[in-house]
Amino acid sequence: MAVTAPAFEAIARPAASARKRRYTEDQVPIGRVLLRMLAGLLVLVIFILPYTIMFFGSVKTKAQIRSVDPTYFPTEWHWENYVNMWSTPETPLPQNLISTIVISVFATLLVLAVAMPAAYYTARFRFPGRMVFLFLVIVTQMLQPAVLTSGLFRQFVTLGMIDTWAAMIFINAAFNLSFAVWIMHSFFSSVPKEVDEAAQIDGAGRLTVLFRIMLPLVWPGIVTAIVFTFVACWNEFAASLVILSTAGNQPLSVALTKFVGQYETSWHFVFGVSIVAIIPVVVLFMLIEKRLVGGLTAGSVK
């Protein structure tokens with residue numbers, strides 16, 4: 001039966017008015033929007049202010065920082081501080097940066113290589129002692145390197161690995177493994193088992209299911225584990241201070257203390273090194289953010 005123009009208008013008018021009314025009801029008052037913007041700007045200023053002060057301090061001279069009448073903004077901008085700090089006698093800063101990158105990257109890769117299959121297995125299989133195993137994994141998160149430094153030192157002396165990058169890679173991986181396993185375990189558990197079964201019916205093995213089917217589905221969990229593990233390894237201090245005695249092998253977190261002396265502190269270099277140490281972490285977040293949204297909808301089975 002054909003619908004005449006007046007009848008069509010009578011049907012369309014209520015739908016249009018309903019959409020308009022729904023849109024009007026969902027609108028947020030301008031005052032509330034401005035209040036939210038002001039609250040967001042206030043939080044932004046609170047978090048950005050310490051980094052802003054560090055940046056301004058990094059381009060000042062010692063005299064400006066230690067002045068009796070200090071100023072927030074530098075009277076003269078000394079950008080050469082970012083060049084001079086790489087050749088200071090206190091510590092070989094270029095080697096410290098390389099050491100930090102090597103330890104953090106390889107420790108993160110080691111954590112992923114161990115945590116992914118462990119989390120997948122504990123999420124998909126029921127075996128005797130499973131909950132005890134998961135409990136022991138999370139208990140290790142309560143133990144920090146600062147508490148176990150003396151034992152770690154004796155252990156790696158016995159193994160002949162003291163003052164080596166390998167020792168710090170194993171230490172950082174061990175202390176971040178439990179968190180990564182628990183994060184990935186929760187994401188693997190959220191995926192229905194029917195996904196695995198459908199892939200296995202098509203002839204896929206366990207490793208194929210893990211790497212080609214499951215990983216795209218749990219990519220947000222992997223990203224979370226990567227970020228937290230890398231940041232924790234990048235900022236680790238206590239174990240590095242004890243295990244690594246050679247100045248060139250020490251990471252930036254330990255090298256930073258070399259500019260703090262008993263009678264004098266090079267604050268402009270302390271601020272400069274701190275800014276440089278922050279940049280790789282910020283870049284990591286920028287790169288990961290692009291892949292995080294894609295991982296939420298990626299992965300499928302036939």
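For the structure, see preceding data.
Break down the overall build of the chain for me, with residues and values.
When its secondary structure is counted, the chain shows 14 helices and 0 strands. Mapped from its N terminus to its C terminus, the chain presents α and β elements in the order α-α-α-α-α-α-α-α-α-α-α-α-α-α. Going through the 302 residues of the chain one by one, you find that 35% of them count as buried. Considering only contacts within the chain whose residues lie at least 6 apart along the sequence, 74% involve residues at least 24 apart.

Summarise unusual backbone geometry; cite the residues concerned and give the values.
The phi torsion at Asp163 lies on the positive side, around 60°, for a residue other than glycine. Along the chain, Asp163 falls in the loop between α7 (149-159) and α8 (165-190). The class for Asp163 is buried, based on a relative accessible area of 17%.

Account for the side chain of Asn176, with residues named and values stated.
By secondary structure assignment, the location of Asn176 is in helix α8. Those residues within four positions of Asn176 in sequence are excluded, and the remaining contacts are Val111, Phe228, Thr229, Ala232 and Cys233.

Which residues make up the environment of Leu134, and what are the values?
Residue placement: Leu134 occurs in helix α6 (residues 130-139). Once the C-alpha coordinates of Leu134 and Trp182 are considered, the two residues, 48 residues apart in sequence, prove to be 8.0 Å apart. Residues in contact with Leu134, not counting those within four places in the same chain, are Thr122, Trp182 and His185.

Give me empty space enclosed by the protein: which residues, what numbers.
Under the counting rule described, the total for this entry stands at 1 cavity of 30 Å³ or more. Put simply, the largest cavity is a space of about 50 Å³. Lining the largest cavity we find Thr100, Ile103, Ser104, Met168, Asn172, Cys233, Trp234, Glu236, Ser240 and Pro251. When contributions to the lining of the largest cavity are tallied by element, the ones reaching two or more residues are α5 (93-124), α8 and α11 (219-235). Considering every element that reaches the lining of the largest cavity, the biggest residue donor is α5, with 3 residues. Partitioned by chemical class, the residues of the lining of the largest cavity number 5 nonpolar, 4 polar and 1 charged.

Report on the packing of aromatic side chains, specifying residues and quantitative values.
The tally for this structure, following the rule as stated, stands at 11 aromatic pairs. Centroid distance Tyr120 to Phe188: 5.5 Å. Interplanar angle 70°. Geometry classified as edge-to-face. Here Tyr120, found in helix α5, pairs with Phe188, found in helix α8; they are 68 residues apart in sequence, far enough to count as distant. Grouping residues by exposure puts Tyr120 and Phe188 together as buried. Of the aromatic side chains, those joined through ring pairs into one cluster are Phe55, Phe56, Phe73, Trp77 and Trp79.

Please give an account of the layout of surface pockets that cites residues and values.
A volume near 220 Å³ is recorded for the largest pocket. Taken together, 13 residues line the largest pocket, and the ones lying closest to its centre are Trp234, Asn235, Ser274, Ala277 and Ile278. Elements with a minimum of two residues in the lining of the largest pocket: α2 (30-58), α11, α13 (252-255) and α14 (267-297). When the residues that make up the lining of the largest pocket are grouped by side-chain class, the tally is 9 nonpolar, 4 polar and no charged.

Could you give me a rundown of the nonpolar core, with the residues and numbers involved?
By size, the foremost hydrophobic cluster in this structure holds 25 residues, and its most contacted members are Met184, Phe188, Leu215 and Ile222. When residues no more than four places from it in sequence are discounted, the contact partners of Leu215 are Met116, Phe188, Leu210 and Ile222.

Tell me about the environment of Asn81, residues and numbers included.
Position of Asn81 among the secondary structure elements: in helix α4 (residues 81-84). We classify Asn81 as buried; its relative accessible area is 7%. Put simply, Asn81 and Gly272 are 191 residues apart on the chain and 7.3 Å apart in space, counted from C-alpha to C-alpha. Sequence-distant contacts of Asn81, defined by excluding residues within four places in its chain, comprise Ser58, Val59, Lys60, His268 and Phe269.

A description of α5 should follow, citing residues and the corresponding values.
Count 3.6 residues to each turn of an α-helix, and residues three or four apart come out pointing the same way. The end-to-end C-alpha distance of α5 is 46 Å, a good match for the 46 Å that 32 residues give at a rise of 1.5 Å each. Helix geometry: α5 is bent most strongly at Ala115, by close to 25°, with proline Pro117 lying one to four residues after it.

Talk me through the packing of α5 against α8; I want residue IDs and the actual numbers.
At a closest axis distance of 6 Å, the pairing of α5 and α8 adopts a crossing angle of 35°. For the crossing formed where α5 meets α8, the hand is right-handed. In terms of residue class, the contact of α5 with α8 is built from 25 nonpolar, 6 polar and 1 charged.

Procedures and definitions
- Residues numbered from 1 in each chain as written.
- Predicted model: local features only at pLDDT ≥ 70, side-chain atom pairs only at ≥ 80, totals over all residues.
- Heavy atoms only, no water.
- Helix = DSSP H or I, 4+ residues; strand = E, 2+ residues; numbered from the N terminus.
- Buried < 20%, exposed > 50% of the residue type's maximum accessible area, 1.4 Å probe, protein only.
- Contact = heavy atoms within 4.5 Å.
- 1 Å grid on protein atoms, 1.4 Å probe; cavity = no way out; pocket = protein on both sides within 12 Å on 5 of 7 lines; lining within 4 Å.
- Points joined across faces, edges and corners; volume = space filled by probe spheres on them.
- Nonpolar A, V, L, I, M, F, W, Y, C, P; charged D, E, K, R; others polar.
- Phe/Tyr/Trp six-rings, centres within 6.5 Å; stacked < 30°, edge-to-face > 60°.
- Core = buried A, V, L, I, M, F, W, Y, C linked by side-chain atoms within 4.5 Å.
- Expected span 1.5 Å × (residues − 1).
- Bend = angle between axes of the 7 residues up to and from the residue.
- Axes fitted to C-alpha atoms, helices over the stretch in contact; angles between N-to-C directions.
- Left-handed = near helix turned anticlockwise from the far one by under 90°.

By themselves, these figures tell us nothing about what the structure is for.
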